[in-house]
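So you can see what is in the structure, the chains are spelled out below.
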Amino acid sequence: MRQDNTFTLTDNRTGKKYEYAIKEGSRGPAAVDMRTFFKDTGMFSYDPGYTSTASCSSSITFIDGEKGELRYRGIPIETLATEHNYLDTCYLLLNETLPTDNERLQFDLELRHRAFLHEGLRNLFNAFPDNAHPMATLSAAVTALASFYDEHLDICDEAEYTEMASRIIAKIPTIAAFAYRHSLGIPFIQPDIDLSFTKNFLTMMRAYPGGKMHLGPLGHEDIKEVEVRALDTIFTLHADHEQNASTTVVRGVASTGAHPYVAIASGISALWGRAHGGANESVIAQLESIGSVENVEKFIARAKDPNDDFRLMGFGHRVYKNFDPRAKILKKLQDELKVTLGLNSELMEIAAKIEETALNDDYFISRKLYPNVDFYTGIILTALKIPKNMFTPIFVIGRTVGWITQWIEFKKDPESKIARPRQLYTGK
Ligand code: ACO
């Protein structure tokens, strides 16, 4: 008798039927358990880009791409972005619950203490040419970190893996700021234990060594609270995003048994591409090349031309077929910053014109192409005086907690296996 929770496939060449169990998650689409498909049929499933493949089961992040919904550990992203901060979000991802006041304090203190780099690691930065892209330096420095903490991690020992996780979350901003300062040839600023996670990062980016480092030339606070809050929100929105390209790479490297920091370094490399996290840098570069509001129509026409490989950067998403909920929050933030920081740049006008034109154009409507998270981050980061080449490193800072949480989940999952897909051979 046919079971209801199964899926039957028929090979029409032979009429043979194959039955597979349907696995139900707690929300979202169910999955057909195809693990024995090759053994049963001698055939592979063919799915380049994994558009129909659930590579694992996970309880960290939920996305409903049709509705435009995103939740970490069941909590809506809107709640985290407006009522909590990045450290709460990190704690939530790692521990499955939001922290109590005391837990928040302990976690914050731990991250402040772990933000410093081994002096030996500082030497690595000198090996890079002046003007090296900070993403190259960042990825290399995180790989190097594995040699400073060459532990054989016991995944059953909670203290061991939480220490490994907090260490990388705490050090990433320092490495990113050092990579940036090296690219300018200016002295490194050490972390300041008195500053919060996000303010510390902005200080390491902007300050001059010595004296009251975060004061501007006139003695005014150079770093405004509104800027710290905006950047903290960006970190929160980037903290995790289920099985995206870089997270899939992190899990893939984890599956080979490599050191967790090497897996994170691989995730950093994957994120750098402009189809993924590198899009935030490309968005601003594209707005600059468009140059003025009058040119927008011309570039939109290029994006729609099937014979032109030009794409509108910051538009479209593999999963969201509706407004990306993170983009909605960032659009609001951008409008607020416009007022509080008195911003009104030509780039903002071009971006607003693109958004308006694309959202009313049938090409974008029919393909469900909406502005994604990267469309607005570039504009906001520019408003925070952050240079273009640091946009993707800032994405890295936010995403590190997601990668390491996914790494831990992978290691604890008894169903995890080495990532080893097969192919449809078409050669000689
Ligand atoms: N501009 C113009 N057309 C686009 C765009 C775009 N940005 N994105 C997709 N399309 C079109 C494609 O040409 C295709 O059209 P067709 O059906 O006529 O051939 C259709 O929309 C579907 O596109 P795919 O590439 O098949 O969609 P996929 O899910 O594979 O790609 C991706 C998603 C990579 C994000 C894509 O939309 C893109 O390249 N966007 C621009 C880069 C970008 O902003 N990346 C950041 C993503 S968010 C993140 O990683 C944090």
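All figures in this text were calculated on a predicted structure; none of them were measured in a lab.

So, the pattern of salt bridges
Here is step 1: Counting across every chain of the model gives 22 salt bridges.
Here is step 2: Residue Arg 35 is joined to Asp 33 by a salt bridge in which the shortest nitrogen-to-oxygen separation is 2.8 Å.
Here is step 3: Assessed through its relative accessible area of 19%, Asp 33 is described here as buried.
Here is step 4: Among the charged side chains, a salt-bridge network with shared partners connects Arg 27, Lys 67, Glu 69 and Arg 71.

Remarks on the site of the ligand
Here is step 1: Surveying the vicinity of the ligand reveals 20 residues, the closest of which are Arg 311, Leu 312, Gly 314, Phe 315 and Arg 318.
Here is step 2: One of the backbone N or O atoms of Ala 275 is found 3.1 Å from a nitrogen atom in the ligand.
Here is step 3: For the ligand, whose unbound accessible area comes to 930 Å², protein coverage reaches 71%.
Here is step 4: Within the shell around the ligand, the residues separate by chemical class into ten nonpolar, five polar and five charged.

Some points on the environment of Glu 336
Here is step 1: By the element assignment, Glu 336 lies in helix 14 (residues 325–340).
Here is step 2: Along the backbone, Glu 336 and Gly 398 are 62 residues apart, and their C-alpha atoms lie at a distance of 21 Å.

Digging into the side chain of Asp 64
Here is step 1: Among the structural elements, Asp 64 can be located in strand 4 (residues 61–64).
Here is step 2: Despite its burial, Asp 64 remains without a salt bridge, the nearest opposite charge being carried by Lys 67 at 4.2 Å.
Here is step 3: Separated by 3.1 Å, the side chain of Asp 64 and the backbone nitrogen of Glu 66 make a polar contact.
Here is step 4: Each residue touching Asp 64, except ones within four places of it in the same chain, is listed here: Arg 27 and Glu 69.

With respect to the packing of aromatic side chains
Here is step 1: For the structure on display, the rule yields 16 aromatic pairs.
Here is step 2: The interplanar angle of 55 degrees and the centroid separation of 5.9 Å between the aromatic rings of Phe 323 and Tyr 370 together place this pair among those described as tilted. Of this pair, Phe 323 sits in the loop between helix 13 (296–304) and helix 14 while Tyr 370 sits in the loop between helix 16 (362–366) and helix 17 (373–383); the two residues are 47 residues apart in sequence, bridging distant segments of the chain.
Here is step 3: Among the residues examined, Phe 323 registers a relative accessible area of 13% and is labelled buried.
Here is step 4: Each member of the aromatic cluster is reached from another via a ring pair, and the members are Phe 315, Tyr 363, Phe 364, Phe 375 and Tyr 376.
Here is step 5: Across the ring face of Tyr 149, the terminal group of Arg 167 is positioned such that the distance to the ring centre comes to 3.9 Å.
Here is step 6: Its end group placed over the ring of Phe 38, Arg 422 keeps NZ or CZ at 5.8 Å from the ring centre.

Notes on the nonpolar core
Here is step 1: Of all hydrophobic cores here, the largest spans 113 residues; its most connected members are Phe 201 and Ile 354.
Here is step 2: In terms of residue count, the dominant contributor to this core is helix 7 (residues 158–184) (13 residues).
Here is step 3: The residues contacting Ile 354, other than those within four sequence positions of it, are Leu 287, Ile 290, Val 296, Ile 300, Leu 312, Phe 315 and Phe 375.

Some details on the sheet that holds strand 5 (residues 69–72)
Here is step 1: Spatial ordering of the open sheet is given by 4-5-6, a layout of three strands whose pairing is antiparallel. Because the sheet does not close on itself, it has two edges, and the strands there are strand 4 and strand 6 (75–76).
Here is step 2: Pairing analysis gives two bridges linking strand 5 to strand 6, with the strands arranged antiparallel. In the sheet register, Tyr 72 faces strand 6, and the bridge partner there is Ile 75.

Thoughts on the domain arrangement of the chain
Size of an interface, as often reported, equals the accessible area lost when the parts are brought together.
Here is step 1: Along its sequence, the chain is organised into domain 1 (3–69) and domain 2 (75–271).
Here is step 2: Here domain 1 and domain 2 have C-alpha centroids that lie 36 Å from each other.
Here is step 3: Taken residue by residue, the interface counts six residues in domain 1 and six residues in domain 2.
Here is step 4: At the boundary of domain 1 with domain 2, total buried surface from both sides reaches about 640 Å², with 59% on carbon and sulfur atoms.

Calculation rules
Per-chain numbering applies: the sequence of each chain, read as written, is numbered from 1 onward. Local features are withheld for residues below a pLDDT of 70 in this predicted model, meaning they are given only at 70 or higher, and side-chain atom pairs are given and counted only at 80 or more; totals for whole chains, interfaces and linings count all residues. Note: side-chain values were computed over all heavy atoms of the structure, leaving out hydrogens and water. Within this document, salt bridges are pairs made up of a side-chain nitrogen of Lys or Arg and a carboxyl oxygen of Asp or Glu, the two lying within 4 Å of each other. Categorising residues by exposure relies on relative accessible area from a 1.4 Å probe, with only protein chains included: less than 20% of the type maximum marks a residue as buried, more than 50% marks it as exposed, and the intermediate range marks it as partly exposed. To be near a molecule or strand, a residue needs just one of its heavy atoms within 4 Å of it. A 3.5 Å cut-off defines polar contacts: any pair of N or O atoms within that distance qualifies, except that in protein one atom must be a possible hydrogen donor and the other a possible acceptor, and neighbouring residues in sequence count only when both atoms are side-chain atoms. Areas reported here follow the Shrake-Rupley algorithm with a probe of radius 1.4 Å; residue values treat only the protein chains shown as occluding. For this classification, Asp, Glu, Lys and Arg are treated as charged, while Ala, Val, Leu, Ile, Met, Phe, Trp, Tyr, Cys and Pro are nonpolar and the rest, including Gly, are polar. Working definition: helices are DSSP H or I runs of at least four residues, strands are E runs of at least two. Numbering for both runs from the N terminus. Counted charges follow a simple rule, with Lys and Arg positive, Asp and Glu negative, and His plus the chain ends left uncounted. Only heavy atoms enter the contact rule, under which two residues are in contact if any of them lie within 4.5 Å. Any two of the Phe, Tyr and Trp rings considered here, Trp counted by its six-membered ring, make a pair once their centres fall within 6.5 Å; the pair's planes then place it as stacked at under 30 degrees, edge-to-face at over 60, or tilted in between. Our definition puts a charge over a ring when NZ of Lys or CZ of Arg is within 6 Å of the ring centre and also within 35 degrees of the ring normal. Nonpolar cores are built from buried Ala, Val, Leu, Ile, Met, Phe, Trp, Tyr and Cys residues. Side-chain atoms within 4.5 Å join them into one set. Strand pairing requires that DSSP identify at least two bridges connecting the strands. What marks off one domain from the next here is an automatic or database domain assignment. Accessible surface is computed with a 1.4 Å probe, and the buried area is the amount of it that two parts give up when combined, taken over both parts together.

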